[in-house]
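Chains, contacts and geometry: an overview
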Amino acid sequence: MSPADFRSVADAIAADIAAGRLRPGERLPPQRDFAYARGIAVSTASRVYAELARRGLVTGEVGRGTYVRSEPGRVGPLQPEPPAAALDLQRTHSRLPEQEAVLSETLAALARGGAEIGFSQYGPAGTARAQAVAAGFLARADYAPDPADILFTGNGRQALAAALAALAGPGERIGCEPLTYPVVKGIAARLGITLVPVAMDAEGMCPDALLQAHRAAPLSGVYIQPTLQNPLGVTMGPARRADLARLLEGTGLTVIEDAVYSFLADAQPLASFAPDRTILIDSLSKRVMPALTVGLIAAPPHLTDRLAASVRQGAWTALGLSLAAGMHWMSGGSAAALAAAKRRDATARQVIARAALSDLRVVGDPHAYHLWLELPETWRAEAYAAAALRQGIALLPASAFAVTPGYAPNAVRLALAAPAREDLDQALRRLRRLAFAGDDQVVE
């Protein structure tokens, strides 16, 4: 069969998906059965399935088969926005009543103090005062970044993009957890960087697996979330951090430590164990609010200039007004106060979630704003996400986090931050009922 012919078969399946004859979450036949039914070679069937996956129409689950995506047409690492009418269990931005008051007070304070700081244009280093404020804000026991090595970006995603671009060029490799922050996949794809999944256990990335991956083909760096890992909620203990730090020193690898969730848990930053081998990134989006935020980079001294150049080249420099607001929050106590309130809020939401899902298997830290739900065998993750959306609840299947296509576990991530607590409780109880109903028992 010619390339045009296998694409015509893929076109026919795509038409069935578009017309609703193949529904989201529906399982396609094994490739051998598909080939027999169509009168084509198994190798051709494999090309058809690969073409459908390339178009973003199907997804594979290791050992389980190939399924119609819940969001057909969303290709690769793109993370869908929750529909406007759906209850949002996709995003981990919390919305506390105190945030509105903080925003109003901040804007008024900046106006009283002189608007020029909000309208000035700064480079990646901001100002010496801003660097000093941020360094003090990020400091912990046994960790005190040098203010001269602090850089600013528009948000945490831009800080991550700048760090990745500084460490790796197109075609180079960055190690990461096999289930990771979906935005990292998108950034890496656009930069031409290959993400290499490194095995993890109950404490996060395994140093031995990282060493093995680096020896197999040299890595240009590592991206890791050692505290409240997204999506699994895993936090590394001090011994694991020390082991990882020794490996970094021995190999010369540099790690990007994503600390955006660190305000919710008490854990010593990896940067305190390997300060010369760690780029720590953080932001005020989740600590304070995404509406007016700033990204933070604490760089090893020998990488500061390279990272600053990366921020400039990517046009990721923080805006003056956002930098001024961030300084006000970090120095005036607003960020710390909101972080404390959000820690209490996250813990309360975890209690609600675990009670609502008490007879299902959930994984995660009781201080996190997200929870990993492992589904019963009667469901597949894509089908469950599609069924939940039809009931007005938006969540993300494991495939959104999987670095390697087709190697997603049968699970979904539940973001607990956005809804009102009463709405969250009701939504989770609906999800519990849905989980026990099974795919073949769901009534539209």
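Above this note sits the structure.
Within each chain, residue numbers correspond to sequence positions counted from 1 in written order. Reporting in this predicted model follows two pLDDT cut-offs: at least 70 for local features of residues, and 80 or more for side-chain atom pairs to be given and counted; totals over whole chains, interfaces and linings ignore these cut-offs and use all residues. With hydrogens and water set aside, each side-chain value is computed from the structure's full complement of heavy atoms.

Another point: the state of the cysteines. For this text, the term disulfide refers to a pair of cysteine sulfurs within 2.5 Å. All chains considered together, the criterion is met by zero disulfides. Not part of a disulfide, Cys 176 finds its nearest cysteine sulfur in Cys 206, a span of 14 Å. Judged by its relative accessible area of 0%, Cys 176 falls in the buried class. What makes Cys 206 buried here is its relative accessible area of 17%. Buried means the residue's accessible area, taken with a 1.4 Å probe over protein chains only, is under 20% of the maximum for its type, while exposed means over 50%, and partly exposed covers the values in between.

On to the side chain of Lys 342, then. Mapping Lys 342 onto the fold places it in helix H14 (residues 334-356). Among buried charged residues, Lys 342 stands out as having no salt bridge; its nearest opposite-charge side chain is Asp 345, 7.9 Å away. What qualifies as a polar contact is a pair of N or O atoms within 3.5 Å, subject to a donor-acceptor requirement within protein and to the restriction that residues adjacent in sequence count only when both atoms come from side chains. In this structure the side chain of Lys 342 is engaged in a polar contact, spanning 2.7 Å, whose partner is the backbone oxygen of Lys 286. Only 3.0 Å separates the side chain of Lys 342 from the backbone oxygen of Val 288, close enough to count as a polar contact. In what follows, a contact means two residues having at least one pair of non-hydrogen atoms within 4.5 Å. Those residues in contact with Lys 342, other than ones at most four positions away along the chain, are Ser 94, Leu 96, Gln 99, Phe 263, Leu 264, Lys 286, Arg 287, Val 288 and Tyr 369. Under the scheme used here, helices are H or I runs from DSSP no shorter than 4 residues and strands are E runs no shorter than 2 residues, and both carry numbers assigned from the N terminus. Charge convention: Lys and Arg are scored as positive, Asp and Glu as negative, and His as well as the terminal groups of each chain are ignored. Criterion for a salt bridge: a side-chain nitrogen of Lys or Arg within 4 Å of a carboxyl oxygen of Asp or Glu.

Turning to the pattern of salt bridges, a few remarks are in order. The full count for this structure, using the stated rule, is 11 salt bridges. For Asp 345, the salt bridge is made with Arg 349, and the minimal N-O distance between the two is 2.9 Å. Within this pair, Asp 345 and its partner Arg 349 are both found in helix H14, separated by four residues, close to a single helical turn. Connected through salt bridges with shared partners, the residues Asp 345, Arg 349 and Arg 421 form a single ionic network.

This brings us to the sheet that holds strand E5 (residues 173-176). Strands were regarded as paired on the criterion that DSSP finds at least two bridges between them. Read across the sheet, seven strands follow the order E4-E12-E11-E10-E9-E5-E6 without closing on themselves; strand pairing throughout is mixed. One side of each edge strand has no neighbouring strand; the edge strands of this open sheet are strand E4 (150-153) and strand E6 (194-197). The mean inter-strand angle of the sheet, taken between neighbouring strand axes irrespective of direction, is 25 degrees. Alignment of E5 against E6, held across four bridges, turns out to be parallel. Opposite Cys 176, over in E6, you have Pro 197 as the bridge partner. Only C-alpha atoms enter the line fits that serve as axes; for helices the fit covers just the stretch in contact. Angles between N-to-C directions range over 0 to 180 degrees.

What follows covers empty space enclosed by the protein. With a 1 Å grid spanning the protein atoms alone, the term cavity applies to any set of points in which a 1.4 Å probe fits but cannot get out, the term pocket to an open set with protein on both sides within 12 Å along at least five of seven lines, and the term lining residue to any residue with an atom within 4 Å of a point. Grid points are joined across faces, edges and corners, and a volume is the space filled by probe spheres set on the points. Applying the stated criterion across every chain yields a total of one cavity of 30 Å³ or more. Forming the walls of the largest cavity are Thr 92, His 93, Ser 94, Tyr 261, Phe 263, Leu 264, Lys 286 and Tyr 369. In this count, Pro and Cys sit with the nonpolar residues alongside Ala, Val, Leu, Ile, Met, Phe, Trp and Tyr, while Asp, Glu, Lys and Arg are called charged and the others, Gly among them, polar. Of the residues contributing to the lining of the largest cavity, the split by class is four nonpolar, three polar and one charged.

The next point concerns the nonpolar core. Take the buried residues of types Ala, Val, Leu, Ile, Met, Phe, Trp, Tyr and Cys, join any two whose side-chain atoms come within 4.5 Å, and each joined set is a nonpolar core. Counting 31 residues, the largest nonpolar core has Leu 160, Ile 174, Tyr 223, Ile 256, Ile 279, Ile 297 and Leu 307 as the members making the most contacts within it. Here this core takes eight residues from helix H7 (residues 156-167), the largest share from any one element. Those residues in contact with Leu 160 that sit more than four places away from it in its chain are Tyr 181, Val 184, Ile 187, Tyr 223, Ile 256 and Ile 281. Grouped together as the second largest cluster of nonpolar side chains are 30 residues, Val 102, Ala 271, Val 294 and Met 327 included.

Moving on, we get to the packing of helix H6 (residues 128-138) against helix H13 (residues 320-332). It is the contact of H6 with H13, at a shortest axis distance of 10 Å, that shows an interaxial angle of 45 degrees. Between H6 and H13, the interaxial angle falls into the category oblique. The chirality of how H6 crosses H13 is left-handed. Contact residues: Arg 129, Ala 130, Val 133, Ala 134 and Phe 137 in H6; Leu 323, Met 327, Met 330 and Ser 331 in H13. For the contact of H6 with H13, the residue count by class is seven nonpolar, one polar and one charged. In these notes the angle categories are as follows: under 35 degrees is roughly parallel, over 145 is roughly antiparallel, 65 to 115 is roughly perpendicular, and the rest is oblique. Note: crossing handedness is left-handed where the near helix turns anticlockwise from the far helix by less than a right angle, and right-handed where it turns clockwise.

Next up on the list: the sheet that holds strand E17 (residues 411-415). The four strands lie next to each other as E13-E14-E17-E16, forming an open sheet whose pairing is antiparallel. Each of the sheet's edge strands pairs with one partner strand only, and the pair in question is strand E13 (361-363) and strand E16 (396-397). In the sheet, E13 pairs with strand E14 (residues 370-374) via three bridges, with the strands oriented antiparallel. Looking across to E14, one finds that Arg 361 is bridged to Glu 374.

No statement about biological role is implied by the geometric values presented.
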